[in-house]
Amino acid sequence: MKCRYLTKDNLCSGKYSGYGCIQKQCSLFKEAQQCEFHEPSGDYCKKYGRFGCVGRDSCATLVSYLEAVAETE
C-alpha cells in the first residue's frame, strides 16, 4: 500500500511524523484494509477507480476525495 503520508525518504508525515513507515501497525493502514471499497490485492479504491486510500473522512464525495488527493501531491 502506498500511503498518502509517506514521504520520498520513507518517513511518515502523518500521525507518526518523522518516523519510518510501520505499515501494518499503522492505524491508517488498518482503516484502509477495513474499507468495503479497498482492493485487498493492492492499494486501489474501487469507489473512485484510483490508487490510494485517502481515509473515510475524505471519501464521502468525489470532490472531497479529489481535494484530499490534491493535498498529498
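Nothing here was measured: the structure is a model prediction, and the numbers come from that model.

In this structure the tally under the stated criterion is one aromatic pair. Plain terms: the ring middles of Tyr-48 and Tyr-65 are 4.4 Å apart, the flat faces sit at 25° to each other, and that makes the pair stacked. With a gap of 17 residues between them, Tyr-48 in the loop between strand 2 (44-45) and strand 3 (50-51) and Tyr-65 in helix 2 (residues 62-72) connect regions that are remote in the sequence. Each member of the pair, Tyr-48 together with Tyr-65, is buried.

Strand pairing within a sheet occurs via backbone hydrogen bonds; the two strands may be parallel or antiparallel. Across the sheet, which stays open at both edges, the three strands sit in the order 1-2-3 with antiparallel pairing between neighbours. Every interior strand has two partners, whereas the edge strands, strand 1 (38-39) and strand 3, have only one. In terms of strand pairing, strand 1 meets strand 2 through two bridges, oriented antiparallel. Bridge assignment links His-38 to a residue of strand 2, and that residue is Cys-45.

Attention now moves to the pattern of salt bridges. If you walk through the whole model with that rule in mind, you get one salt bridge. Across the pair Glu-39 and Lys-46 runs a salt bridge whose closest N-O atoms are separated by 3.9 Å. The exposure class assigned to Lys-46 is partly exposed, which follows from its relative accessible area of 47%.

Let us look at the environment of Arg-56. Relative to the elements of secondary structure, Arg-56 occurs in the loop between strand 3 and helix 2. Among the residues examined, Arg-56 registers a relative accessible area of 43% and is labelled partly exposed. In sequence terms Arg-56 and Ala-32 are 24 residues apart; their C-alpha atoms lie 8.2 Å from each other.

This part is about unusual backbone geometry. Most peptide bonds are trans, and most residues other than glycine sit at a negative phi. Phi is positive for Asn-10, which is not a glycine, with a value near 65°. Within the secondary structure layout, Asn-10 lies in the segment before helix 1 (27-34).

With seven residues, the main nonpolar core is built from Cys-45, Tyr-48, Val-54, Cys-59, Tyr-65, Ala-68 and Val-69. Element by element, the count of residues in this core is highest for helix 2, at three residues. Apart from residues lying up to four places away in sequence, Tyr-65 is in contact with Cys-45, Tyr-48, Arg-50, Phe-51, Gly-52, Val-54 and Ser-58.

Cut-offs used in this document
Residues numbered from 1 in each chain as written. Predicted model: local features only at pLDDT ≥ 70, side-chain atom pairs only at ≥ 80, totals over all residues. Heavy atoms only, no water. Phe/Tyr/Trp six-rings, centres within 6.5 Å; stacked < 30°, edge-to-face > 60°. Helix = DSSP H or I, 4+ residues; strand = E, 2+ residues; numbered from the N terminus. Buried < 20%, exposed > 50% of the residue type's maximum accessible area, 1.4 Å probe, protein only. Pairing = 2+ DSSP bridges. Salt bridge = Lys/Arg side-chain N within 4 Å of Asp/Glu carboxyl O. Core = buried A, V, L, I, M, F, W, Y, C linked by side-chain atoms within 4.5 Å. Contact = heavy atoms within 4.5 Å.

These values are about where atoms sit, not about what they do.
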